[in-house]
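Examining the three-dimensional arrangement
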Amino acid sequence: MKKFITCLLSALGLTTGCGHQNFENVDVKAFSELIEEPGVVILDVRTPDEFAENHLDGALNINQGEADFVEKVKANISLDKKIAVYCRSGRRSADAAGKLAVEGYQCVNLKGGIIAWKDASMYVTTEKYEVDVFKTKSGKTLKFHALMHASIRLEYDSKEIEIDPVSKLRDRIVDFTLMPKADIIFVTHEHGDHYDESTLKLLSSENTRLIMNQRCAEMYGTGEIMVNGDKLTLADDFTVEAVPAYNTTEGHLQFHPKGRDNGYILTIDGIRIYVAGDTEDIPEMESIDDIDIAFLPCNQPYTMTPDQLVNAAKVIKPKVLFPYHYGQTDLSGVPAQLEGEGIDIRIRHYE
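**Digging into the overall build of the protein chain**
On a plain count of helices and strands, the protein chain comes out with 10 helices and 21 strands. Its C-alpha atoms give the protein chain principal-axis dimensions of roughly 75 × 45 × 40 Å. In the protein chain, buried positions account for 53% of the 351 residues. A fraction of 57% describes how many contacts in the protein chain between residues 6 or more apart in sequence connect residues 24 or more apart. Accessible area for the protein chain stands at about 15500 Å²; split by element, carbon and sulfur atoms hold 50% of it.

**Description of the pattern of salt bridges**
Under the defined criterion, the tally for this structure stands at 23 salt bridges. Notably, a salt bridge pairs E351 with R172, separated by 3.2 Å at the nearest N-O pair. Highlighted residues: E351 in the segment after strand 21 (344-345) and R172 in strand 11 (residues 172-173), separated in sequence by 179 residues. The residue R215 makes a salt bridge to E218 at a minimum N-O spacing of 3.9 Å. With R215 and E218 both in helix 8 (residues 214-220) and 3 residues apart, this pair spans about one turn of that helix. Look at R215 and you get partly exposed, because its relative accessible area is 40%. The class of E218 is partly exposed, set by a relative accessible area of 48%. In the salt-bridge network here, residues are joined through shared partners; they are K81, D132, D344, R346 and R348.

**Thoughts on the environment of D164**
As for its placement among the helices and strands, D164 is situated in the loop between strand 9 (159-163) and strand 10 (168-169). Considering only alpha carbons, one finds D164 and I185, 21 residues apart in sequence, at a separation of 7.5 Å. In contact with D164, not counting residues within four places along its chain, are A150, S151, F186, V187, T188 and H194.

**What about the sheet that holds strand 12 (residues 184-186)?**
A sheet is described by the order of its strands in space; here 7 strands give the open sequence 6-7-8-9-12-13-14, paired in mixed fashion. At either end of the open sheet lies a strand with only one pairing partner, and these are strand 6 (130-135) and strand 14 (224-225). Sheet topology note: the strand 9/strand 12 ladder contains 3 bridges and is parallel. Residue pairing for strand 12: E162 is matched across the bridge by I185.

**Some words on the pairing of strand 17 (residues 261-268)**
With respect to burial, strand 17 is a largely interior element, 7 of its 8 residues being buried. As paired strands, strand 16 (residues 238-245) and strand 17 are joined by 8 bridges and run antiparallel to one another. Residue pairing in the sheet places A245 in a bridge with D261 of strand 17. The loop that links strand 17 with its antiparallel partner strand 18 (residues 271-275) comprises 2 residues; one of these, D269, has a positive phi angle of about 45 degrees.

**As for the environment of P257**
Its place among the elements puts P257 in the loop between strand 16 and strand 17. A sequence separation of 10 residues divides P257 from T267, and the C-alpha atoms of the two residues are 26 Å apart. Contacts of P257, omitting those with residues within four sequence positions, involve A245 and Y246.

**Examining unusual backbone geometry**
Here the bond from Q300 into P301 is cis, since omega is 10 degrees, no more than 30 degrees from zero. Among the structural elements, P301 can be located in the loop between strand 19 (293-297) and helix 9 (306-316). The residue D164 is not glycine, and still its phi comes out positive at about 45 degrees. The phi angle at D269 is positive, at roughly 45 degrees, despite the residue not being glycine. Residue placement: D269 occurs in the loop between strand 17 and strand 18.

**Observations regarding the sheet that holds strand 2 (residues 41-44)**
Within a beta sheet, neighbouring strands are joined by backbone hydrogen bonds and run either parallel or antiparallel to one another. Strand order across the open sheet formed by 5 strands is 1-5-4-2-3, with parallel pairing between neighbours. Each of the sheet's edge strands pairs with one partner strand only, and the pair in question is strand 1 (24-26) and strand 3 (60-61). For strand 2 and strand 4 (residues 82-86), the ladder comprises 4 bridges, and the chain directions are parallel. Bridging across to strand 4, V41 finds its partner in I83. Against the sheet, helix 5 (residues 91-102) contacts strand 2, strand 4 and strand 5 (106-110), and its axis sits at roughly 175 degrees relative to strand 5.

Criteria and cut-off values
Residues numbered from 1 in each chain as written. Predicted model: local features only at pLDDT ≥ 70, side-chain atom pairs only at ≥ 80, totals over all residues. Heavy atoms only, no water. Helix = DSSP H or I, 4+ residues; strand = E, 2+ residues; numbered from the N terminus. Buried < 20%, exposed > 50% of the residue type's maximum accessible area, 1.4 Å probe, protein only. Contact = heavy atoms within 4.5 Å. Areas by Shrake-Rupley, 256 points an atom, 1.4 Å probe, with all protein chains shown as cover. Salt bridge = Lys/Arg side-chain N within 4 Å of Asp/Glu carboxyl O. Pairing = 2+ DSSP bridges. Axes fitted to C-alpha atoms, helices over the stretch in contact; angles between N-to-C directions.

Shown next as structure tokens:
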């Protein structure tokens with residue numbers, strides 16, 4: 001009878017086999033403590049519609065009901081990461097945790113799901129975009145919102161920071177009217193998936209600092225110009241350096257000629273962030289060091305191939321890597337190629 005009940009629970013998604021459960025179930029308190037640990041990935045396995053309604057801050061959404069669920073997890077989360085998984089009531093996430101445990105992942109399931117989480121008056125967000133949260137040297141919160149493609153929104157110490165804000169790209173739309181005015185805007189170069197004049201005007205106030213390369217400043221009619229090698233102090237705890245971004249592959253040099261465009265290294269309260277812009281794995285990356293978070297592009301013929309991205313990551317050695325600007329490029333092989341490099345790879349919706 002006991003074996004029958006165990007197997008029945010397995011069929012309901014509460015275990016992964018008829019003899020044992022190979023993941024951990026925890027209550028809200030333990031789950032909330034777990035997700036504060038460095039490197040833990042929060043995984044919401046509900047449908048995209050459920051996720052959009054509300055979710056835990058910083059959660060990655062991969063629908064466990066899809067046939068390629070496990071493959072998507074493998075493409076987004078390396079095996080050395082502990083996964084804190086949840087769903088609506090805990091049943092689907094238990095099923096997902098079991099499947100992932102078979103693949104070698106260490107999973108912890110939230111008993112009672114997001115229902116129990118909300119019943120305990122724990123915070124949920126209705127943020128439409130994926131958000132990654134980091135703590136700075138002095139304990140302040142730094143948030144990265146994955147808007148789309150090359151558009152990144154940062155929140156830090158009541159400051160709104162935008163990088164290459166673009167409202168529309170093919171069938172994707174970002175509604176910047178719902179977002180605050182920006183304190184600082186960075187623009188890497190003049191291509192339409194990075195430079196959007198109407199969005200710059202929408203996000204700007206009289207106090208906004210607009211930092212861009214020379215060509216964009218000429219097009220916009222104003223702005224603080226940075227060229228490769230320039231450095232600016234924006235606040236006591238915030239500096240920026242403009243670094244090269246260009247093509248090296250023959251036949252592609254016209255897309256991003258050397259010396260015209262910028263990548264940026266932001267240092268915010270001790271966290272060093274490299275936003276590469278449109279570039280290949282250029283020699284200048286050898287001198288970029290102590291990077292905590294890197295955004296590296298991946299879509300030939302305009303930027304890097306997956307192999308070039310892997311090479312760049314091995315050279316720069318960031319603690320956390322966000323491939324971005326990747327369009328339809330298949331990134332599924334990147335985590336395996338960087339296995340053992342000590343890099344936390346996070347693939348968000350930066351198509």
